[in-house]
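# Chains, contacts and geometry: an overview
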Amino acid sequence: MIAELGHFALIMALGFACLGALGPLIGAAKGNKRLMALGSGAAYAQFTASLISFLCLTYLFYISDFSVRVVAANSHTLKPMMYKIAGVWGNHEGSLMLWVLMLSLFAAAVALRGKRLPDTFRARVLGVQCLLAVGFLLFILFTSNPFDRLIPAALEGNGLNPLLQDPGLVFHPPLLYLGYVGLSIAFSFAVAALLEGDVNPAWARWVRPWTLTAWMFLTAGIALGSWWAYYELGWGGWWFWDPVENASFMPWLVATALLHSAIVVEKRGALKSWTILLAIVAFSFSLLGTFLVRSGVITSVHAFASDPARGIFILAFLAIVVGGSLALYAWRVPRLTLGGLFGLTARESALIVNNVLLSTFAAVVLVGTLYPLMLEAYDGSQISVGPPFFNFATIMLVSPLIIALGFGPLLSWKRGHLSKAAIRLLPIFIVALMVFLGTIWATMGNQILTAFGLMLAAWLMGSVLMELAHRIKLFEHPAKALARLLNLPRAHFGMSLAHLGVGLVLLGVTVSEAWTVEKLELMQAGESTDVAGYTFIFNGVEPIVGPNFTAIRGHFDVIKAGRSVANLAPEDRVYAHPVTNTTEASIHPMWHGDLYAVIGEAAGGKRFSVRLYYKPFVSFLWLGAMLMCVGGLLSLSDRRLRLGAAS
Amino acid sequence: MKTRKNQRIVIITSALFILFSAVGLVFYALGGDSVNLFLQPSEISEKDMKSGQYFRLGGLVDKGSLSRAEDGLTYHFTVTDCVTDQPVRFKGLLPDLFREGQGVVIEGSLNDDKVFIASTVLAKHDENYAAPGTMPKNTDACQHPSAGMYAK
């Protein structure tokens, strides 16, 4: 009954989405106010219907109704409640339901917060947003209906992949989806602006907070996913250049570029058509990501089961959305007026450098991700493009980006002076150079890349602080500096924090890649071993029983210089449904690095294989990402940037 | 108008320069070592893989083939596509979800004795526990008794 109700609500959502797409779009074209006014109501109704449908599915998982195919295939009665609920989006059908829920949530948010937008513009935004929902709802209803019954009903479910039974599953997919789907708003705003034939600074002011919101969720989602991989997969890696990771990274890169180019539109009225293009491309990458993950065309650790019908549907949808919007772009963009002039070394130019590098980076990642597919289609050979390629591309493209980032905020709009900025940054340059030479000296020239990474991190963080110091006139009038600091616009703090976050990530990547110490060893109780100056004493194992697994738990005392530092208790679990082994790493985070222990199965008698790590600065990665999000939040809370602020 | 034009030209030229060098770099790198073949066991001889040449091996872990060496840290097992069996050696902790009879993707290279020395065994966390690219292409071959568990 509940399944049928959910199915019905989903069909209702499709109906409302059709209404919300056709009414406002036709209304706006014909100048019919009553048709346009349908938009908000349809958006609310569509959200309500999607929510009911989603709650129905959640309820089916909650009561473990195994007469529903998706539940039987992915759930189990013995599974902890948290994972029954989170398991809703741990599978193909449910994750699409989450996607649609987010899509309609954003539509409703625009309806609610966008009251100050011009009528026709708002109608068009809502219309485009609903049109996207129509596509996804059709996709669910025709190829991936989560409410399909299983006849006869299963007695017990298949269970959820134990690796997914982790708090990470509760937060990572929803955050990521909020980011992916949030970019749809930027897309809808861009298409609406093309339909209107006008892009003005007010447009950028409307679109920027939404993009910023999506970007924050995307950042948080990616960072959380990488943290999850770090502690769950048991070998301390946090980024694998897996196609699905790339699928989330590309929209992030483009969204980051979009955030910056929208500033130029807002402040200077320039880069309009480029910004529109970025908004379209950012969401297209979101869709492409969905295609890559959901169609099973690519070998990936995240890939869901492949189903050609689904792949073809998404590919067609992708073609319509991307092709249609780009065609509209080509048709309408010549109408846009050119923006203001600016000098070669003005802030605008720095932001263009940012945009060129970020979008080139996204393009390179795209090629690396799709190359295996293209080659397979071409001559049937299967290859994989590995981390060396992506790492190389990252170094080549991120380095100039970081260098330019140091200058950007110090340049003024319209007519900036590079030499002035360079003089201000001279001390930072010297410090960075000393870091570089110091590292070279300390490592005896063996780690030039590490030295280079550290130099960039020092340069970036130093220049951010230097810019802040100049902004508050710390050197000219130190007495009033604090007052000035407190009076700075929040958006400015936001920028500085986010840039500092980038620096921290850079620092974390460089140091943890260079100086991680790893030890693989066979140990029995009472033995000890040294890892990077820490002595790990193995105190044996104990058997434990969890809700749906049994495990052995190893105990390690870690001491350094006679002082106890940590107790680590990694587990080797055996889940019952399905029978699967997983290792649970035990991590002791410290400010300068993590101690990380994994225990494997017993090897003849009482000896266990263990893997121990010291991972310096690795938490700077998540800390940096967190700073970026906090920076985004601060910017968002700036009065001038509030969602739906008056133009 | 001349300065404006000049500026735009300089900006656009430098932007294009970066773009082109990056694209050139991409194609250069894609021809190099960073691209690995992804093979199933029976394709290894077809492609004439040399010892030491890095590639990805996909297939099923043969049931009953997993054993541990004396040191307790080195594993031996066979990866099969039901046509050819490829012996594999791996030193380290096998990842979660590694089981006999299931799909794996392994990175490494052959040694002189044609044993695949694995440097990384990839963990799979697919909802259906079947990694794409590990299912034997020739499923008919999997009907023979020793590989009965692979038949779908």
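## Details of the domain arrangement of chain A
On domain assignment, one finds that chain A holds domain 1 (1–164), domain 2 (392–515 + 621–627) and domain 3 (517–617). In this structure, domain 1 of chain A and domain 2 of chain A have C-alpha centres spaced 44 Å apart.

## Some thoughts on the pairing of strand β7 (residues 116–122) of chain B
Looking down a regular strand, the side chains alternate between one sheet face and the other. Residue and element names in this part refer to chain B. Taken together, the 3 bridges between strand β5 (residues 85–91) and β7 define a ladder with parallel strand orientation. In the strand pairing of β7, R89 is matched with I117. Where strand β6 (residues 103–110) and β7 come together, 6 bridges link them in antiparallel fashion. Across the sheet, the residue bridging to L110 is F116, located in β7. Hairpin connection, β6 to β7: the antiparallel pair is bridged by 5 residues, and K114 has positive phi, about 65°.

## A short note on the sheet that holds strand β9 (residues 586–590) of chain A
Residues and elements named next belong to chain A. Overall, antiparallel pairing links the 4 strands, which are arranged β2-β11-β10-β9 in an open sheet. Unpaired on one side and paired on the other, β2 (517–523) and β9 mark the two borders of the sheet. Averaged over all pairs of adjacent strands, the angle between their axes in this sheet comes to 15°, without regard to strand direction. In this sheet, strand β11 (residues 608–616) lies alongside strand β10 (residues 593–602) in antiparallel orientation, the contact comprising 8 bridges. Across the sheet, the residue bridging to I599 is V610, located in β11.

## A short note on helix α7 (residues 167–196) of chain A
Residues and elements named next belong to chain A. With 30 residues, α7 should reach 44 Å at 1.5 Å per residue; the first-to-last C-alpha distance of 45 Å fits that figure. With respect to burial, α7 is a largely interior element, 24 of its 30 residues being buried. At the exit of α7 stands G197, carrying a positive phi of roughly 75°.

## Side note on the packing of helix α14 (residues 418–442) of chain A against helix α15 (residues 448–471) of chain A
Residue and element names in this part refer to chain A. In the contact formed by α14 and α15, the axes pass within 8 Å of each other and the chain directions differ by 160°. In terms of orientation, α14 lies roughly antiparallel with respect to α15. In this structure, α14 crosses over α15, and the sense of that crossing is right-handed. Across the interface between the two elements, R424, L425, I428, V431, A432, L433, V435, F436, T439 and I440 from α14 touch I448, T450, A451, F452, L454, M455, A458, W459, G462, S463, M466 and H470 from α15.

## Looking at the packing of helix α2 (residues 33–62) of chain A against helix α6 (residues 119–143) of chain A
Residues and elements named next belong to chain A. Two elements in contact, α2 and α6, have axes separated by 9 Å at closest approach and are oriented at 45°. Classified by the angle between their axes, α2 and α6 sit oblique to one another. In the packing of α2 onto α6, the handedness of the crossing is left-handed. Along the contact surface, α2 presents K33, M36, G39, S40, A42, A43 and Q46, while α6 presents D119, T120, R122, A123, L126, G127, C130 and A133. Residue composition of the contact of α2 with α6, grouped by class: 7 nonpolar, 5 polar and 3 charged.

## Structural notes on the confidence of the model for chain A
Low pLDDT marks stretches whose predicted atomic positions should not be read closely. Mean pLDDT over chain A works out to 89, with 96% of the residues at or above the 70 mark. Residue range residues 643–647 of chain A is modelled with pLDDT below 50. Its contacts to residues more than four positions away, or to other chains, number 11 contacts.

## Side note on the nonpolar core
Residues and elements named next belong to chain A. With 202 residues, the main nonpolar core has A107, A186, V254, A279 and A282 as its most contacted residues. Ranked by residue count, the leading element in this core is α7, at 18 residues. Taken together, domain 1 (1–164) and domain 2 (392–515 + 621–627) each give at least three residues to this core, which thus spans both. In contact with V254, not counting residues within four places along its chain, are L278, V281, A282, F285, S359 and A362.

About the cut-offs
Residues numbered from 1 in each chain as written. Chains lettered and ligands numbered in written order. Predicted model: local features only at pLDDT ≥ 70, side-chain atom pairs only at ≥ 80, totals over all residues. Domains from an automatic or database assignment. Pairing = 2+ DSSP bridges. Helix = DSSP H or I, 4+ residues; strand = E, 2+ residues; numbered from the N terminus. Axes fitted to C-alpha atoms, helices over the stretch in contact; angles between N-to-C directions. Expected span 1.5 Å × (residues − 1). Buried ≥ 20, exposed ≤ 12 C-beta atoms within 10 Å, placed from the backbone. Parallel < 35°, antiparallel > 145°, perpendicular 65-115°, else oblique. Left-handed = near helix turned anticlockwise from the far one by under 90°. Contact = placed C-beta atoms within 7 Å. Nonpolar A, V, L, I, M, F, W, Y, C, P; charged D, E, K, R; others polar. pLDDT = per-residue confidence, 0-100. Core = buried A, V, L, I, M, F, W, Y, C linked by C-beta atoms within 7 Å.

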